[in-house]
Amino acid sequence: DVGVFQGKSTIKTVVLPDTITYIPVNCFTECKNLSYVEIPERVTKIGNYAFSQCYSLSSITLPESLTEISVSTFSYCRSLKSIIIPDSVTSIREDAFGYCYKLVEVYNLSKLKYKSLSYVIPLLQSNVHPIFLASFTIFSPSIFVKLLQT
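All of these numbers come straight from a predicted model, not from anything done at the bench.

Engineer: Now, about the overall build of the protein chain: what can you tell me, with residues and values included?
Structural biologist: Scanning the protein chain from terminus to terminus reveals one helix and 11 strands. Counting from the amino terminus, the protein chain carries its helices and strands in the arrangement β-β-β-β-β-β-β-β-β-β-β-α. When each of the 150 residues of the protein chain is scored for burial, the buried share is 45%. Taking the contacts inside the protein chain whose residues are at least 6 apart along the sequence as the reference set, 28% of them involve residues at least 24 apart. Total accessible area on the protein chain stands at roughly 7600 Å², and carbon and sulfur atoms take up 53% of it.

Okay, structure coming up:
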């Protein structure tokens, strides 16, 4: 269900069952103390804003079955430092990692298609200089350097 766990600040760890294939829109939005998520290999889609504003989430590994990272999926995850994106992902949508200022390691972006910049998303901090990749997702320069090395 949409937003089923939204705003539940008592949730710290989530291990999703192997039977699910979809994480609904806003499912864990504003679960501010969520620090660990285990997503099963059968998940093919994660809904918009599913993990937005999960301030304690510091890293995540996405399943090999995932094909798209939806709009604002991890936006405002203030502690997110690293993410492993599987080869199966061919699209990252708008603001998927928007305002994740600590994100410095993004691994495995080999199959993404780079698109041209068509609009600018304003940043809250002037010291962050965005690099726009895929569908205009905001990345910091340090991520761009890491991408060039992989």
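Engineer: Give a description of unusual backbone geometry that names residues and reports values.
Structural biologist: Phi is positive for Glu30, close to 65 degrees, though the residue is something other than glycine. Here Glu30 shows up in the loop between strand S2 (22-23) and strand S3 (36-38). By relative accessible area, which is 29% here, Glu30 ends up partly exposed.

Engineer: Report on the pattern of salt bridges, specifying residues and quantitative values.
Structural biologist: A full pass over the atoms with the stated rule returns two salt bridges. Here Arg93 makes a salt bridge to Glu94, at a shortest N to O gap of 3.3 Å. A residue is classified by how much of its surface remains accessible, and Arg93, at 29% relative accessible area, is partly exposed. Look at the salt bridges and you will find they share partners, linking Glu68, Arg93 and Glu94 into a network.

Engineer: Got a sec to walk through the side chain of Thr29? Specific residues and values, please.
Structural biologist: Looking at the secondary structure, you find Thr29 in the loop between S2 and S3. Separated by 3.2 Å, the side chains of Thr29 and Asn26 make a polar contact. Excluding residues within four positions of it along the chain, Thr29 makes contact with Phe5, Gln6, Gly7, Tyr49, Ala50 and Ser52.

Procedures and definitions
Residues numbered from 1 in each chain as written. Predicted model: local features only at pLDDT ≥ 70, side-chain atom pairs only at ≥ 80, totals over all residues. Heavy atoms only, no water. Helix = DSSP H or I, 4+ residues; strand = E, 2+ residues; numbered from the N terminus. Buried < 20%, exposed > 50% of the residue type's maximum accessible area, 1.4 Å probe, protein only. Contact = heavy atoms within 4.5 Å. Areas by Shrake-Rupley, 256 points an atom, 1.4 Å probe, with all protein chains shown as cover. Salt bridge = Lys/Arg side-chain N within 4 Å of Asp/Glu carboxyl O. Polar contact = N/O pair within 3.5 Å; in protein donor to acceptor, adjacent residues only side chain to side chain.

By themselves, these are just geometric observations and shouldn't be taken as functional.
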